[in-house]
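Below are the chains, spelled out letter by letter.
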Amino acid sequence: MTVRLWITALHSLRSIEDKTIFRKVLIANRGEIALRINRACQELGVRTVAIFSQADRESLHVRGADEAFCVGPGPAQRSYLNIPNIISTALVTHCDAIHPGYGFLAENARFAEICADHGIAFIGPRPEVIAAMGDKATAKRVMSEAGVATTPGTDILTSVEEAQAAADAMGYPVLLKATAGGGGKGMREVHARADLERAFASAQAEAEAGFKDGRVYLEKLILRPRHIEVQVLGDTHGNVVHVGERDCSVQKPSHQKLIEEAPAPNLTAAAREALHKMAVRACQAVGYTNAGTLEFLVSNDDIYFMEMNTRIQVEHPVTEMVYNIDLVKEQIRVAAGESLGYGQGDLTARGHAIECRINAEDAKNNFAPQAGRLTNVALPGGPGIRVDTHIYAGGSIPPYYDSMLAKIVAFGATREIAIARMERALRETVIEGVATTVDQCRELLASAEFRQGHYDIGFLPSVMTASLGSGANAFSA
Ligand code: MV4
């Protein structure tokens, strides 16, 4: 009897332990995502430590956290990327975990490793998985071995001759890509054999300069595909679910996304199911944990895996609206060792969500980033509108960081309702003091291509040629 009681007591102790989430999390980021993480922590009853640069002293993310520490001067290299200062802040404040957000240190495998070395949980996947997915050629090899359809192409190329032979075999046009890349840096479109040698050299040089890794590989150029990505979530007990897809085809030539939506419009049920299945299979193959995104190119009914992002993404709110889930809370829970506690069957998409990114950029000046002080701010609200932002009237926009000011998310029972709400929200939006991309978002939303959901990665230039100049996007062929 006594023994029995002890066992019961131990069981309940263990289950309490299993449910023990972090006590304190350091938020290694700034701007809207720092606020977003702080909100998730507060709702979970987790205390927070903010870090900030001298340029961000007056930022909202500093005020929202339980504690806040300056980690260096304005330039990110000396503050938000300053690993020794961030780790020592976490240690001094007794944080159990660090949430990296997106950008900065989010996909730095070495940083994830350093966190672990100091007994701090990194809220993200394992360092080996971050490293493997960060190398695009490795990621494609791993996914291909797991049975995922990847963009036809080569592994790392060691000579021009090898590139020429491969290109001849697959047929032009082809695309050279940097293995350390992503985001288009070190990418070269090649339409004829005569142009390959020069493109090979300049792709290598750009990759070497940008990433200190000049290795490139070759792919068949997919003409006018859609960029569709699948959100995934895995726990440390082997459970993986997908949380649907997002269409992110509306991007600037600089590969900055402008509008994202979930679900993807004009996708057949078969293609959607294939995407979801491939994403889950891929995650199971690499033992993926935490939140992640698999990027695919979709052309007609052909689906090709392109790369995987091992972080929470800017556009995660459209998925949250459609699936009624809090992805940042889920990230924190699974990083603390909790089980997902639900399966694929418990997740259903409902309605439609669209996100517009509002940037501090001057469309009349080639989208040059704007810094300065905001003289007036009035944010939209009302039915179906969510705004994730760090801006306020009187706040300053430092010159050192990403130009994104706000994400406006519109949700509705149908795509039409979401579009109407977004248009209404954009009309309500007042941001004065710096030039913003509000008008460009309105222009995009008003276009026939967007309204019909018939768009691909070549869509933007045809709508915004006036602002961007001609021939801005070589991939619109
Ligand atoms: C491609 C492609 C066409 N074919 N790969 C752009 C950024 C980088 N992540 C990969 N990118 C592309 N890879 C093949 N084989 C077209 C693009 C591309 C693109 C992709 C998604 C969204 C917008 C884009 C704009 C231009 C080119």
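Here the structure is shown first, and the text comes after it.
Residues numbered from 1 in each chain as written. Predicted model: local features only at pLDDT ≥ 70, side-chain atom pairs only at ≥ 80, totals over all residues. Heavy atoms only, no water.

1. Re the site of the ligand
Here is step 1 of the chain: Around the ligand there are 18 residues in total, and Lys 177, Glu 219, Lys 220, Ile 222 and His 227 lie nearest to it.
Here is step 2 of the chain: One of the side-chain nitrogen or oxygen atoms of Lys 177 is found 3.0 Å away from a nitrogen atom of the ligand.
Here is step 3 of the chain: The separation between a nitrogen atom of the ligand and a polar main-chain atom of Lys 220 is 2.8 Å.
Here is step 4 of the chain: For the ligand, whose free accessible area comes to 530 Å², the fraction covered by protein is 97%.
Here is step 5 of the chain: Going through the elements one at a time, strand 6 (174-178), strand 8 (216-220) and strand 13 (302-309) are the ones with two or more residues in the shell around the ligand.
Here is step 6 of the chain: Looking at the shell around the ligand residue by residue, the class counts come to eight nonpolar, six polar and four charged. (Near = heavy atom within 4 Å. Polar contact = N/O pair within 3.5 Å; in protein donor to acceptor, adjacent residues only side chain to side chain. Areas by Shrake-Rupley, 256 points an atom, 1.4 Å probe, with all protein chains shown as cover. Helix = DSSP H or I, 4+ residues; strand = E, 2+ residues; numbered from the N terminus. Nonpolar A, V, L, I, M, F, W, Y, C, P; charged D, E, K, R; others polar.)

2. Quick notes on the sheet that holds strand 7 (residues 188-190)
Here is step 1 of the chain: Sheet architecture is open: three strands sit in the order 7-6-8, paired in antiparallel fashion. Since the sheet does not close on itself, it has two edges, and those belong to strand 7 and strand 8, each with one partner. Mean inter-strand twist for the sheet, computed between neighbouring axes without regard to direction, equals 25°.
Here is step 2 of the chain: Pairing between strand 6 and strand 7: three bridges, direction antiparallel. What sits directly across from Leu 176, in strand 7, is Arg 188.
Here is step 3 of the chain: Its contacts with the sheet place helix 9 (residues 193-211) against strand 6, strand 7 and strand 8, and it is angled at close to 170° to strand 7. (Pairing = 2+ DSSP bridges. Axes fitted to C-alpha atoms, helices over the stretch in contact; angles between N-to-C directions. Contact = heavy atoms within 4.5 Å.)

3. Digging into the layout of surface pockets
Here is step 1 of the chain: The calculated volume of the second largest pocket comes to roughly 240 Å³.
Here is step 2 of the chain: Lining the second largest pocket are 22 residues, with Asp 56, Ser 59, Ser 396, Ile 397 and Pro 398 positioned closest to its centre.
Here is step 3 of the chain: When contributions to the lining of the second largest pocket are tallied by element, the ones reaching two or more residues are strand 20 (396-397) and strand 21 (404-412).
Here is step 4 of the chain: Of the residues contributing to the lining of the second largest pocket, the split by class is ten nonpolar, six polar and six charged.
Here is step 5 of the chain: Among the domains, domain 1 (3-128) and domain 3 (226-469) are the pair contributing at least three residues each to the lining of the second largest pocket. (1 Å grid on protein atoms, 1.4 Å probe; cavity = no way out; pocket = protein on both sides within 12 Å on 5 of 7 lines; lining within 4 Å. Points joined across faces, edges and corners; volume = space filled by probe spheres on them. Domains from an automatic or database assignment.)

4. Some words on the packing of aromatic side chains
Here is step 1 of the chain: The tally for this structure, following the rule as stated, stands at eight aromatic pairs.
Here is step 2 of the chain: Look at Tyr 80 and Tyr 401: their rings are 5.5 Å apart centre to centre, the planes differ by 80°, and that puts the pair in the edge-to-face class. With a gap of 321 residues between them, Tyr 80 in the loop between strand 3 (67-72) and helix 4 (83-92) and Tyr 401 in the loop between strand 20 and strand 21 connect regions that are remote in the sequence.
Here is step 3 of the chain: Their ring planes at 40° and their centres at 5.7 Å tell us that Tyr 455 and Phe 459 sit as a pair that is tilted.
Here is step 4 of the chain: Judged by its relative accessible area of 5%, Tyr 455 falls in the buried class.
Here is step 5 of the chain: For Phe 459, a relative accessible area of 1% translates into the label buried.
Here is step 6 of the chain: The rings of Tyr 80, Phe 104, Tyr 400 and Tyr 401 are connected pair by pair, giving a single aromatic cluster.
Here is step 7 of the chain: Directly above the aromatic system of Tyr 392 lies the positively charged group of Arg 63, at a separation of 5.4 Å from the ring centroid.
Here is step 8 of the chain: The lysine or arginine in question, Arg 415, covers the ring of Phe 450, its NZ or CZ lying 4.7 Å from the ring centre. (Phe/Tyr/Trp six-rings, centres within 6.5 Å; stacked < 30°, edge-to-face > 60°. Buried < 20%, exposed > 50% of the residue type's maximum accessible area, 1.4 Å probe, protein only. Lys NZ or Arg CZ within 6 Å of the ring centre and 35° of its normal.)

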